[in-house]
Amino acid sequence: MYTNIKMMCLAMLALVTFSCSSNDEDGYIASTLRNHDWKGTITEYYQSRWGISGTEYATVMSFESKDAYYTSGKGYELDYNTTLPKENYAFCTFKWFIVDGDITIIYDDAKWNPVYIVDYQLNGNSFYGYIYDGSDRRIQFDLESTQFADWDYYKKKGYRDITTSYRASGMPAGSVSVASGIFAEKLNNMK
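So, here's what we can say about the structure. If you're wondering where the values come from, they're calculated on a predicted model, not measured in any experiment.

Cut-off values and rules
Residues numbered from 1 in each chain as written. Predicted model: local features only at pLDDT ≥ 70, side-chain atom pairs only at ≥ 80, totals over all residues. Heavy atoms only, no water. Buried < 20%, exposed > 50% of the residue type's maximum accessible area, 1.4 Å probe, protein only. Helix = DSSP H or I, 4+ residues; strand = E, 2+ residues; numbered from the N terminus. Arc of directions from axis to C-beta. Contact = heavy atoms within 4.5 Å. Pairing = 2+ DSSP bridges. Patch = residues over 30% accessible without salt bridge, like charges linked within 9 Å, V, L, I, M, F, W, Y side chains within 5 Å. Areas by Shrake-Rupley, 256 points an atom, 1.4 Å probe, with all protein chains shown as cover. Salt bridge = Lys/Arg side-chain N within 4 Å of Asp/Glu carboxyl O.

### Some details on helix 4 (residues 182-189)
Three or four residues apart is the spacing at which side chains of an α-helix point the same way, because the helix has 3.6 residues per turn.
At step 1: Buried within helix 4 are the following residues: Phe183, Ala184 and Leu187. One side of helix 4 holds all its buried residues, which, seen down the axis, span an arc of 100°. Exposed side chains of helix 4 directed beyond 90 degrees from the buried face belong to Glu185, Asn188 and Asn189.
At step 2: Buried positions along helix 4 lie against helix 2 (45-50), strand 2 (57-64), strand 3 (72-81), strand 4 (89-99) and strand 9 (178-180).

Right, here's the structure in full:
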């Protein structure tokens, strides 16, 4: 009987430890995402989402939340042409959350499917792995930590000023991405 009680206590301790470490991991991931802007490339993404190809396209993402303890929040993404970034871009906001290490991004623009980041590495200055967008494709991304200095330019082009209070910063349901140049042409042709 003593052995059975001891085994039950060990099992309960393992369960509590696993639950805490999962929450700690989610907190670490959220904290790392929030403390950086992430800039780089997402292969196949420009072709599958925008119908454009080439090596002159890049993405930068930023994640924010109400405070340092949240594992969810709002964010924004900018896809752009690196040679003419202020003439050819798409800016979109999203909601994000983390559960058991898996990152889900739900775009405020109704045109975009949610994406799931479940196979990735996130260490300090590097964030790379695969995005799943509901298709059977694994879309590779490779982002590096940066401080993106041009957010204000793109935010001002949008429907709202993202620097307003967190609670008031949501875009209306069914809203669209803000785009210019080739990205605007692609958005206008989407149903």
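Let's pick the thread back up.
### A closer look at the pairing of strand 1 (residues 37-42)
Regular strands show a simple pattern: their side chains alternate between the two faces of the sheet.
At step 1: The sheet contact formed by strand 1 and strand 2 spans four bridges and is antiparallel. The partner of Asp37 across the bridge, within strand 2, is Ser62.
At step 2: Of the pairings in the sheet, the one linking strand 1 to strand 8 (residues 139-146) comprises six bridges and is antiparallel in character. Its bridge partner being in strand 8, Gly40 is matched across the sheet by Leu143.

### Let's talk about a nonpolar patch on the surface
At step 1: On the surface, a cluster of nonpolar side chains totalling about 230 Å² of accessible area is made up of Phe97, Val99 and Ile106.
At step 2: Here Ile106 lies in strand 5 (residues 102-107).
At step 3: Judged by its relative accessible area of 34%, Ile106 falls in the partly exposed class.

### Examining the pairing of strand 2
At step 1: Most of strand 2 sits inside the fold, with seven of its eight residues counted as buried.
At step 2: Bridge analysis of strand 2 against strand 3 gives eight bridges, and the strand direction is antiparallel. Note that in strand 3 the partner of Met61 across the bridge is Glu77.

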